[in-house]
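# Observations on the three-dimensional arrangement
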Amino acid sequence: MAITLVPAPTLANQEAADQFRAQVQSGRPCMVYFQNKLGGEISLSATERSPEFSFDSTMVEVIPDGIGGLSLGRYGVFEIQTMDFHGSYSHAVRDLSDALRLHGENFSQAVRDNPKWPGNKIEGPNIANVFKRTFYQMMFKFQVGAHGHGAGCVFAIPDAVWESWQRHLGKPDLVQKSDGTYRLAAQDAETDEHPSSWIYVFEISESETATPNEIRLTKVIGTDAAALSHYALDVAPAAALEEGGSADRLLETLRARLAQYLPEFRPAPRSRVAPNQSSLLEMTLRDLTAGTDDSGNGLPN
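Right, let's walk through the structure included here.

Calculation rules
Residues numbered from 1 in each chain as written. Predicted model: local features only at pLDDT ≥ 70, side-chain atom pairs only at ≥ 80, totals over all residues. Heavy atoms only, no water. Salt bridge = Lys/Arg side-chain N within 4 Å of Asp/Glu carboxyl O. Helix = DSSP H or I, 4+ residues; strand = E, 2+ residues; numbered from the N terminus. Buried < 20%, exposed > 50% of the residue type's maximum accessible area, 1.4 Å probe, protein only. Expected span 1.5 Å × (residues − 1). Arc of directions from axis to C-beta. Contact = heavy atoms within 4.5 Å. Core = buried A, V, L, I, M, F, W, Y, C linked by side-chain atoms within 4.5 Å.

Counted under the stated rule, the structure contains seven salt bridges. Between Arg21 and Asp18 there is a salt bridge, with the nearest N and O atoms lying 2.9 Å from each other. Taken together, the residues Arg21 and Asp18, both in helix 1 (residues 14-25) and three residues apart, mark about one turn of the helix. Taking relative accessible area as the criterion, Asp18 reaches 39% and is therefore assigned partly exposed. Between Glu79 and Lys141 there is a salt bridge, with its nearest N and O atoms 3.2 Å apart. With Glu79 in strand 6 (residues 70-80) and Lys141 in helix 4 (residues 127-145), this pair connects stretches of sequence that are 62 residues apart.

Structural data, given as structure tokens:
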């Protein structure tokens with residue numbers, strides 16, 4: 001059955017609102033969504049024990065109330081996390097503005113031939129910061145999506161972001177299901193056939209002819225906050241603490257750094273025997289051995 005999905009501001013039009021009501025009353029699945037520029041973000045208000053949170057996109061099911069009116073069904077949350085680039089954009093804007101002024105109709109080709117223009121002084125993303133900034137809000141919103149009134153939460157990330165998360169999650173093994181989706185569950189926990197939390201991993205297929213570029217899903221992963229917590233806070237730290245792991249090398253790093261300032265931490269110099277001294281020592285030992293009987297007493301000449 002087809003689904004009616006409309007942005008909330010559309011319902012400000014009386015004709016569109018009446019048509020939407022009719023579709024709801026007919027039993028057709030109908031949903032309204034809110035987004036920053038389409039009706040505004042939906043937010044969780046802060047309390048004394050919890051922070052305020054806004055959702056990128058929120059969808060809610062509208063259903064008949066049984067007496068000719070409307071009621072709300074379950075809601076769903078959709079989040080998308082991309083790579084954040086840092087630095088001043090002024091240099092890139094200046095270069096692109098100059099290119100547009102100088103090249104006019106050939107602007108797009110000029111930019112293709114000079115990819116450094118849009119990236120001038122723009123720094124790449126900090127992978128660790130991307131995960132740390134995303135992890136808490138993802139866990140929080142997965143829990144919100146798992147609420148009794150929620151249909152779930154979808155977190156969409158580029159394939160490059162997912163790959164950058166592997167070390168932060170202890171490089172977990174995914175379980176593939178018969179429908180082509182995957183599950184990420186805590187060890188010794190049963191995989192949920194119908195999870196409420198999903199990670200959508202996507203790639204953008206660049207094309208010179210198609211606009212906008214096609215978004216291709218590479219993995220659809222069902223999981224939950226408990227599983228992510230297990231891998232990020234149990235598995236990954238355990239790998240760091242393994243014998244010979246990075247935690248064992250931490251003291252050596254500290255010792256080497258302090259040795260620059262405190263001589264007490266510098267390694268003791270190894271005693272080395274010069275080659276000529278070694279040869280002299282060997283000759284002396286041979287002479288002593290040759291002049292000694294089996295009892296160890298020196299023999300007279």
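From this point on, the discussion continues.
Between the first and last C-alpha of helix 2 (residues 90-103) there are 20 Å, a value that for 14 residues agrees with the 20 Å anticipated at 1.5 Å per step. Within the span of helix 2, buried status applies to Ala92, Asp95 and Ala99. Around the axis of helix 2, the buried residues are gathered within 65° of arc, so they sit on the same side. Buried residues along helix 2 sit in contact with helix 3 (107-113). Within two residues after helix 2, Gly104 carries a phi angle of roughly 55°, on the positive side.

With that out of the way, let us pick up the nonpolar core. In terms of nonpolar packing, the biggest core is built from 27 residues, with Ile199 and Leu228 touching the most fellow members. Within the residue set of this core, elements represented by two or more residues are helix 4, strand 9 (150-158), helix 5 (159-164), strand 12 (197-205) and helix 6 (225-241). Not counting residues within four places of it along the chain, the set of residues in contact with Leu228 comprises Phe135, Met138, Met139, Phe142, Leu169, Leu184, Ile199 and Thr223. Core analysis: the second largest hydrophobic core is formed by eight residues, Val6, Val24, Cys30 and Val60 among them.

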